[in-house]
Amino acid sequence: MRFTFRGGRLALPTGIVDGDLRVVDGRIDAIGVVEGDPGEEIDAKGLMVMPGVIDPQVHFREPGATHKEDLETGSRACVAGGVTSFLEMPNTSPPTTSREAIADKKTRASGRARANYGFFIGATPDNVDELVACDGACGIKIFMGSSTGSLLVNDRADLDNIFSKGRRLIAVHAEDEARLIERKKQFAGRTDPKVHTEIRDAKAALMATTLAVELSEKYDRRLHVLHMSTGDEADLLVERGKGDGRITCEVLPQHLMLNAPEIYDRIGTRAQMNPPLRTKEHSERLWRGLHDGTVDCIATDHAPHTLEEKGQGYGPAPSGMPGVETSLAVMLDAAHRGLCSVEDVVRWMTDGPRRVYRIVGKGRLEVGFDADLAIVDLGRSEKVGARGYFTKSGWSPFDGMTLKGWPVRTYVGGHLAFADGEVLDGVFGGELTYAQ
Ligand code: DOR
């Protein structure tokens, strides 16, 4: 395999420059002025060549709920959205709480996942030995507050036990379970979905994040705060400091762009997720956190549920929304509207997650790195949903919005995986690896 993009705008770690980029045998082999045999020449004029997006938080529902999504459909949605690597969460059924379950997910992904894959092991009150021994996981996930599925660790002694043993990164869903239970009782009887944001309030998130930060400090343990949703948590990380990179965090496009309570009037329970969508003030503070470096990266928390399930009304409707197919376009559109630069979007969605999870060989246009690439037309305007959806769940919270800036081709390991609105057959991702 040998080919060269000619005349593209290259999103390098140092900024966007015009130039050529050659790929040989699945790796980036030359950048800038390409000398020697270019192989097949691909005209990239007017297009941006960027590293494929790394989405560090997705739920692909396999095994157990494959009517919502599976590793194949979820990863097809990935490449359609310019996402070439994903890290998948353990709240499947059964949950991924052992080395054996991680191995099973890898077997399922091999030869089916269209993007590169990594898997979290889920913490329970009594699987700490598995957590310590599980070298094949990208990290340990703790649900400090309950969400979709049965995973939950909310007892202080259990949390101490998990934080004190081993060295692997711990990623937390930070909402305080006791407060969630108490407020659910307090708001019992309310059936409008707006109550979701009131029950799972900013204080519940801050309480859990504060505890997680304390535990990280106490045990000198790497901590990643998943889907940070409040300005208060961002302030906490500024005040306490992030321990020279020991603590990292992410935000989601939906927490940046969609606000409660008004979003519930528009899309009802489709807007229901955990932690919930919040006010514009919180979103603005999360944006500031991205700009001042408090926030390390962007994830989607792609959490597909069928429209039928979501349409059941507040109470029975499950929490979560899909995202891998639209995240890059949503963020590029935000750049187009002046909320950030295109360089910011690339950094937050590629090099950012690479750094947090120490992923080897991905996330940068650099000689020797894997040729996982998103080719982007920054001028292309398209309505979300107009081309249909690759996610089995078949919807998006951004449905109907016109976004400017879309991936038009995606390469995984140098192979064309998505082009002209189609996911191509026969191209698969591989297992991600992590530096210690
Ligand atoms: O809204 C959510 N949905 N938040 C989570 O933490 C889990 C996710 C899911 O798996 O559905």
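In what follows, the structure referred to is the one given above.
A quick note: this is a predicted structure, and the numbers were derived from the prediction, not measured. (Residues numbered from 1 in each chain as written. Predicted model: local features only at pLDDT ≥ 70, side-chain atom pairs only at ≥ 80, totals over all residues. Heavy atoms only, no water.)

Draft legend 1. Focus on the overall build of the protein chain. A count of helical and extended segments in the protein chain gives 14 helices and 17 strands. A compact globule built from 436 residues would reach a C-alpha radius of gyration of about 22 Å, and the protein chain, at 21 Å, matches this within 12%. C-alpha atoms of the protein chain, sized along the principal axes, occupy 65 × 45 × 40 Å. In the protein chain, which comprises 436 residues, the proportion classed as buried is 62%. Put simply, 74% of the contacts in the protein chain that link residues at least 6 apart link residues at least 24 apart. Accessible surface, the protein chain as shown: approximately 16,000 Å² in total, 47% of it carbon and sulfur. When the 54 positive and 64 negative side-chain charges of the protein chain are each reduced to one mean point, those points stand 2 Å apart. (Helix = DSSP H or I, 4+ residues; strand = E, 2+ residues; numbered from the N terminus. Rg over C-alpha atoms; globule rule 2.2 N^0.38 Å. Buried < 20%, exposed > 50% of the residue type's maximum accessible area, 1.4 Å probe, protein only. Contact = heavy atoms within 4.5 Å. Areas by Shrake-Rupley, 256 points an atom, 1.4 Å probe, with all protein chains shown as cover. Lys, Arg positive; Asp, Glu negative; His and termini not counted. Charge placed at Lys NZ, Arg CZ, Asp CG, Glu CD.)

Draft legend 2. Structural view of the pattern of salt bridges. Applying the stated rule across the entire model yields 39 salt bridges. When the shortest N-O distance is used, the salt bridge between R114 and E72 registers 2.9 Å. Here R114 is found in the loop between α2 (99-109) and β8 (116-122), whereas its partner E72 is found in helix α1 (residues 71-80), with 42 residues between them in sequence. For R114, a relative accessible area of 5% corresponds to the buried category. Residue E72 is classed as partly exposed on the basis of its relative accessible area, which comes to 26%. Where E366 meets R364, a salt bridge forms, and the shortest distance between an N and an O atom there is 2.6 Å. Each of E62, E72, D104, R108, R112 and R114 takes part in a single network of salt bridges with overlapping partners. (Salt bridge = Lys/Arg side-chain N within 4 Å of Asp/Glu carboxyl O.)

Draft legend 3. Representation of the packing of aromatic side chains in the model. One pass over the structure, following the stated rule, counts nine aromatic pairs. Three or more aromatic residues joined by ring pairs make a cluster, and in this case those are F60, F86, Y117 and F119. Positioned over the ring face of F143 is K141, at 3.7 Å from the centre of the ring. (Phe/Tyr/Trp six-rings, centres within 6.5 Å; stacked < 30°, edge-to-face > 60°. Lys NZ or Arg CZ within 6 Å of the ring centre and 35° of its normal.)

Draft legend 4. Representation of the sheet that holds strand β13 (residues 297-298) in the model. The eight strands lie next to each other as β6-β7-β8-β9-β10-β11-β12-β13, forming an open sheet whose pairing is parallel. Single-partner strands in this sheet number two, and they are β6 (53-58) and β13. Across three bridges, strand β11 (residues 223-225) lies against strand β12 (residues 247-251) in parallel orientation. The partner of H224 across the bridge, within β12, is T248. (Pairing = 2+ DSSP bridges.)

Draft legend 5. View of the pairing of strand β7 (residues 83-88). Burial runs high along β7: six of the six residues are buried. Here β6 pairs with β7 via four bridges, running parallel. Residue pairing across strands places V53 opposite V83, the latter belonging to β7. Handedness of the crossover joining β6 and β7 through α1: right-handed. Pairing analysis gives four bridges linking β7 to β8, with the strands arranged parallel. Its bridge partner being in β8, F86 is matched across the sheet by Y117. (Right-handed = clockwise from strand over helix to strand, strands pointing away.)

Draft legend 6. Geometry of the environment of R387. Note that R387 resides in the loop between β14 (373-383) and β15 (402-412). For the pair R387 and Y264, spaced 123 residues apart in the sequence, the C-alpha separation amounts to 25 Å. From its side chain, R387 meets the backbone oxygen of A80 in a polar contact 3.3 Å long. (Polar contact = N/O pair within 3.5 Å; in protein donor to acceptor, adjacent residues only side chain to side chain.)

Draft legend 7. Quick look at the nonpolar core. The biggest cluster of nonpolar side chains holds 95 residues, and the ones touching the most others in it are F86, I142 and V172. Among the elements that make up this core, the one with the highest residue count is helix α13 (residues 327-336) (seven residues). Core analysis: the next-biggest nonpolar cluster, separate from the first, contains 18 residues, F3, L21, I28 and L373 among them. (Core = buried A, V, L, I, M, F, W, Y, C linked by side-chain atoms within 4.5 Å.)

Draft legend 8. Seen up close, the packing of helix α7 (residues 202-219) against helix α8 (residues 231-240). In contact at an axis separation of 9 Å, α7 and α8 are set at 25° when each is read in the N-to-C sense. Looking at the two axes, α7 sits roughly parallel to α8. Here the hand of the crossing between α7 and α8 comes out right-handed. Residue-level inspection shows A202, A205, L206, T209, T210, V213, E214 and E217 of α7 in contact with α8, the latter providing D232, E233, L236, L237 and R240. Split by residue class, the contact of α7 with α8 holds six nonpolar, two polar and five charged. (Axes fitted to C-alpha atoms, helices over the stretch in contact; angles between N-to-C directions. Parallel < 35°, antiparallel > 145°, perpendicular 65-115°, else oblique. Left-handed = near helix turned anticlockwise from the far one by under 90°. Nonpolar A, V, L, I, M, F, W, Y, C, P; charged D, E, K, R; others polar.)

Draft legend 9. Spatial organisation of the site of the ligand. Contacts to the ligand come from 14 residues, most closely from R61, N91, T148, N274 and S319. Within the side chain of H173, a nitrogen or oxygen atom sits 3.0 Å from an oxygen atom of the ligand. Burial of the ligand by the protein chains amounts to 100% of its free accessible area of 290 Å². (Near = heavy atom within 4 Å.)

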